[in-house]
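# Summary of the model geometry
Spelled out from the first residue to the last, the chains are:
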Amino acid sequence: MYKVCSIISFIVVLFIASILITIFKPGMHKQFFVYDYNFQIEENAAEKVKERKLVPKVESVKSKQEVTKTVEKKTVENIKPKTAVGLKPVSKKNVNNNIQEKQAQQKEEILWNKWRSDIQNNIMLDVKLPIVPSGTVFRFSFDVDKFGRVTNIKTWSEDATYTPYAIQYIAPVIRSYQGRSILNFPVGSKRFLTNVEGGWKVSDKSKLSSPDDYDDVEQIRN
């Protein structure tokens, strides 16, 4: 009976204690530290624990960055330029050819040799000389401006005996070309005045002039 009463009394005490705890809600100790006798209690132990927990994360981030840099370096080193399909690399020869073509486009050559040859042949055909010894040489010289005006006409023979023939028969033909299309300067020429010189030798066989007999090229820059 004594044991039964003791158990009942203990249960009643526990019941009353639980009721009191529920009603009054006594405060609990906010912080407590579990420590070993070999160490001293430190108030900032919790903060140090947090710091120790954060250190591995920072190190892991750094290691990831280093791995990323390593991968990036390897990627950059392994990249090689590729030629696009259908495109050909520009060679130095092509560049030089393009430069030469541009220079040729900027520079134009006016060939006066045909103009001079045509005038020479027209004078030879138009002049009607009397009979003179074979081998007699006649010469002429005159100026022409871009308007077709003829000035400073000179005609003579290497044999002074026949110079009067040159003055009488050759000079009038040259004057007759005044203002005619035969004296029109080559298209594109920038010249204002040019000199014409020529001549021929009396022979049993006639031979006309060709553009190759003259070397007169005018350089024009565009």
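Our structure's up above, just so we're on the same page.
A quick note: this is a predicted structure, and the numbers were derived from the prediction, not measured.

In this section: the sheet that holds strand β3 (residues 150-157). With respect to topology, 3 strands assemble into an open sheet ordered β3-β2-β4, the strand pairing being antiparallel. Edge positions in the sheet fall to β3 and β4 (193-201), since each of these pairs with one other strand and no more. Averaged over all adjacent pairs, the angle separating strand axes in this sheet is 10 degrees, with direction ignored. Set on the sheet, helix α4 (residues 113-126) makes contact with β2 (137-145) and β4; between it and β4 the angle comes to about 45 degrees. Here helix α5 (residues 163-176) sits on the sheet in contact with β2, β3 and β4, set at roughly 150 degrees to β3.

It is worth spelling out the environment of S209 at this point. Checked against the element boundaries, S209 lands in the loop between β4 and β5 (217-221). On the basis of relative accessibility, which here comes to 14%, the residue S209 falls in the buried class. With residues up to four places along the chain from it excluded, the contact list for S209 reads S117, Q120, N121 and Y214. Looking at S209, its side chain comes within polar contact range of the side chain of S117, at 3.2 Å.

In this structure, N152 takes a positive phi of about 55 degrees despite not being glycine. Within the secondary structure, N152 sits in strand β3.

Now for α4. With 14 residues, α4 extends 20 Å between its outermost C-alpha atoms, agreeing within 8% with the 20 Å of an ideal straight helix rising 1.5 Å per residue. Those residues of α4 lying buried are N113, W115, R116, S117, I119, Q120, N121 and I123. In this structure, the buried residues of α4 make contact with β1 (107-111), β2, α5 and β4.

So, on to the packing of aromatic side chains. This model, assessed by the stated rule, comprises 9 aromatic pairs. Measuring from centroid to centroid gives 5.8 Å for W115 and F185, while their planes differ by 85 degrees, and the two rings are edge-to-face. Remark: F185 occurs in the loop between α5 and β4 and W115 occurs in helix α4; sequence separation between them is 70 residues. Take W115: its relative accessible area is 8%, and that puts it in the buried class. Among the aromatic residues, those joined into a ring-pair cluster are F138, F140, F142 and W200.

Reading guide: rules and limits
- Residues numbered from 1 in each chain as written.
- Predicted model: local features only at pLDDT ≥ 70, side-chain atom pairs only at ≥ 80, totals over all residues.
- Heavy atoms only, no water.
- Pairing = 2+ DSSP bridges.
- Helix = DSSP H or I, 4+ residues; strand = E, 2+ residues; numbered from the N terminus.
- Axes fitted to C-alpha atoms, helices over the stretch in contact; angles between N-to-C directions.
- Contact = heavy atoms within 4.5 Å.
- Buried < 20%, exposed > 50% of the residue type's maximum accessible area, 1.4 Å probe, protein only.
- Polar contact = N/O pair within 3.5 Å; in protein donor to acceptor, adjacent residues only side chain to side chain.
- Expected span 1.5 Å × (residues − 1).
- Phe/Tyr/Trp six-rings, centres within 6.5 Å; stacked < 30°, edge-to-face > 60°.

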